[in-house]
2 protein chains.
Amino acid sequence: METIGQIIRNKRESLGLLLRQVAASLDIDPAILSKIERNERRPNKELILKLSETLDIDKEELLAQYISDKIAYDIADENCADRVLKLAEKKVQYLKTHSVSN
Amino acid sequence: METIGQIIRNKRESLGLLLRQVAASLDIDPAILSKIERNERRPNKELILKLSETLDIDKEELLAQYISDKIAYDIADENCADRVLKLAEKKVQYLKTHSVSN
DNA sequence: TATGTCTTGACACTATTTGTCAAATATAAG
DNA sequence: CTTATATTTGACAAATAGTGTCAAGACATA
């Protein structure tokens, strides 16, 4: 399974871009991007959006990878992961139909 | 749908316990417990475990509620929630079968 | 060696989470 | 109407986590 860091690094290298170049486009230090690509540091949502533009990666795809990474990390050491995900699905449905902002 | 705060408050009241009493048992300020029960503040995992013991709520049940709450909150405003949850499921499976610690 | 790229770790700054406290509110009893 | 008790609220401090900066080290290539 490809990690989000691998996705980013693969795309960057396939475009022949240097860390320095992409980092400049993202307005961050190359060291941060290096860490993100090696999954040593987690990107935030803003960075995900910029990355999808700079590297021409589908925005929804990268976002889904990003959020599912966070979730998997949250529940990886729980022995009731399946149940948790089913519950989460119900709650999301509930929030979507009942939230004030919708 | 019952929130985690409601679960806790219902159980505490059904046991005839005061905020002050349960808070003392949890070693926290009653104000915090009050906020947790009204979903104004999110409990952390340690508190969840203590709560399940003090109020005699099934530990797995309360943990599942707690984690699914966090997940639902994370993805509530995303329009690809279903896809994210499916991806997360795959990643959890992957982590379970490939992690070093297992 | 000399150059350019990437990695690593220490550090500071900021944001978020968590804890503390006292005043305000609510409820019930005398 | 007081008094007492329980809960709620908001301001604030402390602790933790996230983020950014930088320079030195490692690595490859010419």
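Cut-off values and rules
The residue numbering used here restarts from 1 in each chain and proceeds along that chain's sequence as written. Ligands are numbered from 1 and chains lettered from A, in the order in which they are written. The model is predicted, so local features are restricted to residues of pLDDT at least 70 and side-chain atom pairs to those at 80 or more, both for listing and for counting; the totals for chains, interfaces and linings are taken over all residues. Hydrogen atoms and water are omitted, and side-chain values are computed over all heavy atoms in the structure. UniProt positions are given in the numbering used here, feature names are shortened, and annotations may be inferred rather than shown by experiment. In this description a helix means any DSSP run of H or I spanning at least four residues, a strand means any run of E spanning at least two, and both kinds are numbered starting from the N terminus. All axes are obtained by fitting lines to C-alpha atoms, using only the stretch in contact for helices, and the reported angles, taken between N-to-C directions, cover 0 to 180 degrees. Each helix crossing is assigned a hand: it is left-handed if the near helix lies turned anticlockwise from the far helix by less than a right angle, otherwise right-handed if that turn is clockwise. We call two residues contacting when some pair of their heavy atoms lies within 4.5 Å. When two components associate, each loses some accessible surface as probed by a 1.4 Å sphere; the sum of these losses over both components is called the buried area. By salt bridge we mean one thing: a side-chain nitrogen of Lys or Arg within 4 Å of a carboxyl oxygen of Asp or Glu. Within 3.5 Å is the distance limit for a polar contact, defined as a pair of N or O atoms, with the added protein rule that one can donate a hydrogen and the other accept it, and that residues adjacent in sequence qualify only through two side-chain atoms. Charged means Asp, Glu, Lys or Arg here, nonpolar means Ala, Val, Leu, Ile, Met, Phe, Trp, Tyr, Cys or Pro, and polar covers whatever is left, Gly included. We call a residue near a given molecule or strand whenever any one of its heavy atoms falls within 4 Å of it. We superpose the copies by least squares over the C-alpha atoms of residues that have a pLDDT of at least 70 in both of them.

The name recorded for chain A in an unreviewed UniProt entry is Helix-turn-helix domain-containing protein, from Xiashengella succiniciproducens.

A. Representation of the UniProt feature "domain: HTH cro/C1-type" (unreviewed entry) in chain A within the structure. Within this structure's numbering, the places UniProt gives as "domain: HTH cro/C1-type" (unreviewed entry) are residues 8-62 of chain A. Helix and strand shares over residues 8-62 of chain A are 67% and 0% respectively, and the end C-alpha atoms of the span are 9 Å apart.

B. The packing of helix α4 (residues 45-54) of chain A against helix α5 (residues 59-75) of chain A, seen in detail. Residues and elements named next belong to chain A. Orientation of α4 relative to α5, taken along the N-to-C sense of each, is 150°, at an axis distance of 9 Å. For the pair α4 and α5, the sense of crossing is right-handed. The residues of α5 that touch α4, namely those facing Lys45, Ile48, Leu49, Leu51 and Ser52, are Lys59, Leu62, Leu63 and Tyr66.

C. A look at the interface of chain A and chain B. At the junction of the two partners, chain A supplies 35 residues and chain B supplies 35 residues. Overall, the association of chain A and chain B removes approximately 3300 Å² of surface from exposure, summing both partners, and the carbon and sulfur fraction of that is 63%. Counting across the interface, chain A meets chain B through 6 salt bridges. We note a salt bridge from B:Glu61 to A:Arg83, for which the minimum N-O separation is 2.4 Å. The interface formed by chain A and chain B holds 10 residue pairs in polar contact (both at pLDDT 80 or more) in total. Sort the elements by how many residues they give to the side of chain A that touches chain B and helix α6 (residues 81-98) of chain A lands first, with 15 residues. Its residues assigned to classes, the side of chain A that touches chain B shows 17 nonpolar, 4 polar and 14 charged.

D. The arrangement of the protein's contact with DNA strand D in detail. B:Arg9, B:Leu18, B:Arg20, B:Ser34 and B:Arg38 are the nearest of the 15 residues found near DNA strand D. For DNA strand D, a phosphate oxygen lies 3.2 Å from a polar atom in the side chain of B:Arg12. Looking at the surface near DNA strand D, the elements with two or more residues in it are α3 (30-37) of chain A together with α1 (4-14), α2 (19-26) and α3 (30-37) of chain B. With 3 residues, α3(B) is the largest single contributor of residues to the surface near DNA strand D. Of the residues belonging to the surface near DNA strand D, the class tally is 5 nonpolar, 2 polar and 8 charged.

E. Representation of the relation of the copies chain A and chain B. Take chain A, turn it by 179°, move it 0.0 Å along the axis, and it overlays chain B with an RMSD of 0.1 Å. Both chain copies can therefore be described as sitting about a two-fold axis. A shared interface surface links the copies, since 100% of the contact residues of chain A are contact residues in chain B too.

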